[in-house]
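These are the residues of each chain, in order.
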Amino acid sequence: MLHGELNWSDQERLLITFSMIGLAIPERLHINSFRKPIEDCTRDELWRGQLDMQLARLDDLTGKLESLETKLSEFAAEHPDIVRLRKLATPKPTRFPSCWKVCAESLLRC
């Protein structure tokens, strides 16, 4: 999945960058106010350039993920098996004493 492209070390670096300068993780609009292109950064502002690059990667991956989800939804709408699975009501756990009975109920509805 696309999440693998943004590995944990990138996310951890972002958290560390904010904690090093004494900031809690704010909302995205507030985070964007700290961005600055790396070529415009002074030595003391390099964290702003790093933030800009990491958020650019995050925005790119978010766009790819949204595109993928849209295509998967279109694909699912065209295939009757997937449509049928989506129409199944989610059984309440208290109604079925075992997972076998949940499977049997689901198969009977198909």
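The shown structure was predicted, so the numbers you read here are calculated from the model rather than taken from an experiment.

A.B. asks: How would you summarise the packing of helix α3 (residues 46–78) against helix α4 (residues 80–87) if you had to cite specific residues and measurements?
C.D. replies: Put simply, α3 and α4 touch, their axes get as near as 5 Å, and they point 95° apart. When the axis of α3 is compared with that of α4, the two are roughly perpendicular. Facing F75, A76, A77 and E78 of α3, the residues of α4 in contact are P80, I82, V83 and R86.

A.B. asks: Outline the packing of aromatic side chains, listing residues and values.
C.D. replies: Tallied over the full model, the rule gives one aromatic pair. The interplanar angle of 45° and the centroid separation of 5.8 Å between the aromatic rings of F34 and W47 together place this pair among those described as tilted. Remark: W47 occurs in helix α3 and F34 occurs in the loop between α2 (28–32) and α3; sequence separation between them is 13 residues. Residue class for W47 comes out buried when judged on its relative accessible area of 18%.

A.B. asks: Tell me what's going on with the confidence of the model for the protein, and back it up with residues and numbers.
C.D. replies: In the predicted model, the protein carries a mean pLDDT of 75, and the fraction of residues at 70 or more is 59%. Least confident of the elements in the protein is helix α5 (residues 99–109), whose mean pLDDT is 61; most confident is α3, at 90.

Scoring rules and cut-offs
Every chain's residues receive numbers from 1 upward, in the order its sequence appears when written. This being a predicted model, a pLDDT of at least 70 is required before a residue's local features are given, and a value of 80 or more before pairs of side-chain atoms are given or counted; all residues contribute to the totals for chains, interfaces and linings. In computing side-chain values, all of the structure's heavy atoms are included and hydrogens and water are not. In this description, a line fitted to the C-alpha atoms serves as the axis of each element, helices being fitted only across the stretch in contact, and the angle between N-to-C directions of two axes falls anywhere from 0 to 180 degrees. Labels follow the DSSP assignment, with helices taken as runs of H or I lasting at least four residues and strands as runs of E lasting at least two, numbered in each case from the N terminus. Orientation labels follow simple angle bins: below 35 degrees gives roughly parallel, above 145 gives roughly antiparallel, 65 to 115 gives roughly perpendicular, and whatever is left gives oblique. The contact rule is simple, with two residues in contact once any of their heavy atoms fall within 4.5 Å. The aromatic pairing rule takes the rings of Phe, Tyr and Trp, using the six-membered ring of Trp, and pairs them if the centres are within 6.5 Å, calling planes under 30 degrees apart stacked, those over 60 edge-to-face and the rest tilted. Buried, partly exposed and exposed residues are distinguished by accessible area as a fraction of the type maximum, computed with a 1.4 Å probe on protein chains only: under 20%, between the cut-offs, and over 50%, respectively. pLDDT gives the predictor's per-residue confidence on a scale running from 0 to 100.

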